[in-house]
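What follows is the residue order along each chain.
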Amino acid sequence: MLSARSHIESLLKARKLDVTLTSEAPLRWSMPGAVAAEDLASTGVPSIDAGLAGGLRRGHLSEVIGGRSSGRSTAVCRALAAAVSRGELVALVDTCDRFDPDAAAALGLDLSNLLWIREAGDASRALKAMNLVLQAGGFGLVVLDLADVSPRTVRSLPFTTWFRLARVIEGSDTVALLVAGEHVARSSGGATIAMQEEMALRSRLQVVAGAAHARWRGSSDRERLLRGLDIQPRVIGR
């Protein structure tokens, strides 16, 4: 395990990619193509897991999409925390250096089991880092955050990029998860989790419908303060 960790770190440093590397834990092997409980990774969000019939498919590429304040970051942090609670190593490729470790820790993520790769906005370099981590193996969940990358830049990436990422983890215990403002890609067994009603994709495969509802406090309009959001995600395509 230690040699694999050192190898990942040296590869990332060779490409001048900033990293935060911690510990790792062995994963269970799951049979490719099966949809047994051990082949599903809970997201830690009951409403999402219900739409996914238990969780995200291991060995597949999925995505979380939605606008700002839609709950996408919270959903991702909970998924990372759920994976760590199962004894898995997780990784986050942070394309625009927007990850808030304090907020993630407050949601239950043990940061000592997170590989945090920080990039300054270069989507191509972030993709290379993502590919390296997936090829190294041993991770339960690997997230590529493209949320603050312009949609035009994301759409300009060759579509074969996502086929390659999906192929790397095919048949493995790893879940690869994209985070973006709009639909990017998913593998055949992956899912699209839409965190905002206007971002929903019209599809007969939609299994959960809803939107984000605001909760307020204060007795008058002048005193009203946002207390929180009740997120009701949609899961599209399983």
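Residues numbered from 1 in each chain as written. Predicted model: local features only at pLDDT ≥ 70, side-chain atom pairs only at ≥ 80, totals over all residues. Heavy atoms only, no water.

Caption draft 1: A look at the overall build of the protein. Each helix and strand in the protein was counted, giving seven helices and 12 strands. Contacts in the protein between residues at least 24 apart in sequence constitute 73% of all its contacts with a sequence separation of at least 6. Accessible surface, the protein: about 11,800 Å² in total, of which carbon and sulfur atoms supply 51%. (Helix = DSSP H or I, 4+ residues; strand = E, 2+ residues; numbered from the N terminus. Contact = heavy atoms within 4.5 Å. Areas by Shrake-Rupley, 256 points an atom, 1.4 Å probe, with all protein chains shown as cover.)

Caption draft 2: Here's a closer look at the side chain of Thr192. Within the secondary structure, Thr192 sits in strand β9 (residues 192–194). Residue classification places Thr192 among the buried residues on the basis of a relative accessible area of 0%. There is a polar contact of 2.6 Å between the side chain of Thr192 and the side chain of Glu63. At 2.8 Å, the side chain of Thr192 forms a polar contact with the side chain of Arg186. (Buried < 20%, exposed > 50% of the residue type's maximum accessible area, 1.4 Å probe, protein only. Polar contact = N/O pair within 3.5 Å; in protein donor to acceptor, adjacent residues only side chain to side chain.)

Caption draft 3: Structural view of the pairing of strand β5 (residues 89–94). Of all six residues that make up β5, six are buried, and the element is covered over most of its length. The two faces of β5 match: Leu89, Ala91 and Val93 on one face and Val90, Leu92 and Asp94 on the other face are all buried. In this sheet, strand β7 (residues 139–145) lies alongside β5 in parallel orientation, the contact comprising six bridges. Note on β7: the bridge partner recorded for Leu89 is Phe139. Two elements, β5 and strand β6 (residues 114–118), share five bridges in a ladder whose sense is parallel. (Pairing = 2+ DSSP bridges.)

Caption draft 4: Seen up close, the nonpolar core. Counting 32 residues, the largest nonpolar core has Met130, Phe139, Leu144 and Trp162 as its most contacted members. When residues of this core are traced back to their parent elements, those giving at least two are α1 (2–14), β5, β6, α5 (123–136), β7, α7 (160–169) and β8 (175–180). If we ignore the near neighbours within four places in the chain, the residues touching Met130 are Val93, Val142, Val143, Leu144, Leu165 and Ala176. Counting residues in each nonpolar core, the second largest holds 31 residues, with Ala83, Leu114, Trp116 and Met195 among its members. (Core = buried A, V, L, I, M, F, W, Y, C linked by side-chain atoms within 4.5 Å.)

Caption draft 5: Spotlight on the packing of aromatic side chains. Summed over the entire model, instances satisfying the criterion amount to two aromatic pairs. Both rings, one in Phe159 and one in Phe163, keep their centres 5.1 Å apart while their planes meet at 80 degrees; by these two values the pair is edge-to-face. (Phe/Tyr/Trp six-rings, centres within 6.5 Å; stacked < 30°, edge-to-face > 60°.)

Caption draft 6: Summary view of the side chain of Glu119. Looking at where Glu119 falls in the secondary structure, it is placed in the loop between β6 and α5. For Glu119, a relative accessible area of 9% translates into the label buried. Here the side chain of Glu119 touches Arg125 through a polar contact of 3.0 Å, side chain to side chain.

Caption draft 7: Quick peek at the pattern of salt bridges. One pass over the structure, following the stated rule, counts nine salt bridges. Salt-bridge contacts for Arg118 lead to Asp97; the nearest nitrogen and oxygen are separated by 2.9 Å. Here Arg118, found in strand β6, pairs with Asp97, found in the loop between β5 and α4 (101–106); they are 21 residues apart in sequence, far enough to count as distant. With relative accessibility at 36%, the residue Asp97 sits in the partly exposed group. Taking the shortest distance from any N to any O, the salt bridge between Glu182 and Arg155 comes out at 2.5 Å. With a gap of 27 residues between them, Glu182 in the loop between β8 and β9 and Arg155 in helix α6 (residues 151–156) connect regions that are remote in the sequence. What makes Glu182 partly exposed here is its relative accessible area of 28%. Residue Arg155 is classed as exposed on the basis of its relative accessible area of 55%. A single salt-bridge network, built from bridges that share partners, covers Arg68, Arg98, Asp145 and Asp148. (Salt bridge = Lys/Arg side-chain N within 4 Å of Asp/Glu carboxyl O.)

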